[in-house]
Amino acid sequence: MNDSLSTLNWLVEAGADEAVAEQPVNRLTAKAQVTPLQPAAAPRTAPARAPAALPVDSDAIGTAQAAAAAAQSLADLKTALEAFDGCALKRTATNTVFADGVAEGRIMLIGEAPGRDEDRVGKPFVGRAGQLLDKMLASIGLDRKENAYITNVINWRPPDNRDPTPEEAAACLPFLRRHIELAQPGVIILLGAVAARHVTGVSDGIMKLRGRWLEYRVGDTMVPLMPTLHPAYLLRQPAHKKLAWRDLQAVRDRMKTLDLPARVAPSGDAG
Ligand code: URA
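Here's a quick rundown of the structure.

Comments concerning the site of the ligand
Line of reasoning, step 1. Near the ligand the following residues occur: Gly111, Glu112, Ala113, Glu118, Pro124, Phe125, Asn152 and His230.
Line of reasoning, step 2. Within the backbone of glutamate 112, a nitrogen or oxygen atom sits 2.7 Å from an oxygen atom of the ligand.
Line of reasoning, step 3. Here a nitrogen atom of the ligand sits 2.8 Å away from a polar atom, N or O, in the side chain of asparagine 152.
Line of reasoning, step 4. Considering the ligand on its own, with 230 Å² of exposed area, one finds that the protein chains cover 91% of that surface.
Line of reasoning, step 5. With respect to the detected pockets, the ligand is housed in the largest pocket.
Line of reasoning, step 6. Counted by class, the shell around the ligand contains three nonpolar, three polar and two charged residues.

Section: empty space enclosed by the protein
Line of reasoning, step 1. For the structure on display, the rule yields one cavity of 30 Å³ or more.
Line of reasoning, step 2. Each pocket or cavity is described by its volume, and for the largest cavity that value is around 40 Å³.
Line of reasoning, step 3. Around the largest cavity, the lining residues are Leu77, Leu81, Phe98, Thr151, Asn152, Val153, Asn155, Cys172, Phe175, Leu176 and His179.
Line of reasoning, step 4. Secondary-structure elements contributing two or more residues to the lining of the largest cavity are helix H3 (74-83), strand E3 (149-152) and helix H6 (166-183).

Comments concerning the packing of aromatic side chains
Line of reasoning, step 1. Evaluated as defined, the whole model comprises one aromatic pair.
Line of reasoning, step 2. Arranged with centres 5.0 Å apart and planes meeting at 55°, the rings of phenylalanine 84 and phenylalanine 175 form a pair that is tilted. On the criterion of sequence distance, the pair formed by phenylalanine 84 in the loop between H3 and strand E1 (100-101) and phenylalanine 175 in helix H6 is long-range, its members being 91 residues apart.
Line of reasoning, step 3. When its relative accessible area of 2% is taken as the criterion, phenylalanine 175 is described as buried.
Line of reasoning, step 4. Sitting above the plane of the tryptophan 213 ring, arginine 254 keeps its charged end 4.7 Å from the centroid.

Definitions and cut-offs
Residues numbered from 1 in each chain as written. Predicted model: local features only at pLDDT ≥ 70, side-chain atom pairs only at ≥ 80, totals over all residues. Heavy atoms only, no water. Near = heavy atom within 4 Å. Polar contact = N/O pair within 3.5 Å; in protein donor to acceptor, adjacent residues only side chain to side chain. Areas by Shrake-Rupley, 256 points an atom, 1.4 Å probe, with all protein chains shown as cover. 1 Å grid on protein atoms, 1.4 Å probe; cavity = no way out; pocket = protein on both sides within 12 Å on 5 of 7 lines; lining within 4 Å. Sits in = over half its atoms within 2 Å of the grid points. Nonpolar A, V, L, I, M, F, W, Y, C, P; charged D, E, K, R; others polar. Points joined across faces, edges and corners; volume = space filled by probe spheres on them. Helix = DSSP H or I, 4+ residues; strand = E, 2+ residues; numbered from the N terminus. Phe/Tyr/Trp six-rings, centres within 6.5 Å; stacked < 30°, edge-to-face > 60°. Buried < 20%, exposed > 50% of the residue type's maximum accessible area, 1.4 Å probe, protein only. Lys NZ or Arg CZ within 6 Å of the ring centre and 35° of its normal.

Don't take any of this as a statement about function, it's just geometry.
Here it is, written out as structure tokens:
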């Protein structure tokens, strides 16, 4: 099936199967819900509410913070992550899964953790969920080969695809925060409950969080952030594709208003 046909299929499955008006509707006339996630005293990119009392290995977190902070480009960060041994998941994984796509597009998607296919290939979202994600992106004019950049909260596959533990997530989060700083996204899309919880620090379920604009602070900039449903969940619950479709329409509308300036990529960025 060619790309446009599979994108059309995704749209139809998501419920967008008829034109409802002659003219496009400007959804931005409705007031966006913007929630600042960080108190003034928080570290520059930390979530406002830290995940509740983590049983953390503070050595591993300290090492992760120092290694991540020292990285001055995406390529540096990838190298630092590959050299980091503070997350137990690395021992059972085949590859470190860093990112895929084009950071210059300034649309950053954050998923949960690599699965079997991602572990084998060393890139995020290359299995069935990734194929659906590609269709979802295509439906709003995005493509990881051109203008979308994809990573995960967790950089190594949890055995049997179990949920990452709070300790495992805590060891990866300093890298994710630095990853966001270096990628300089103009919009962030969070895929599923795990990404939504760890990036925002808000523990409301994804059904409550999805579809509402939030903000993520990077330095002096507040980056609009949209939590939505994870493509793997949508494969299990296709009836909910229409909710993800609504969220993506909101992203597409917001992107039109942003006129994102080009990202200033440090030399030596990862490809
Ligand atoms: N699910 C995720 O959250 N990330 C991947 O990379 C693959 C599946």
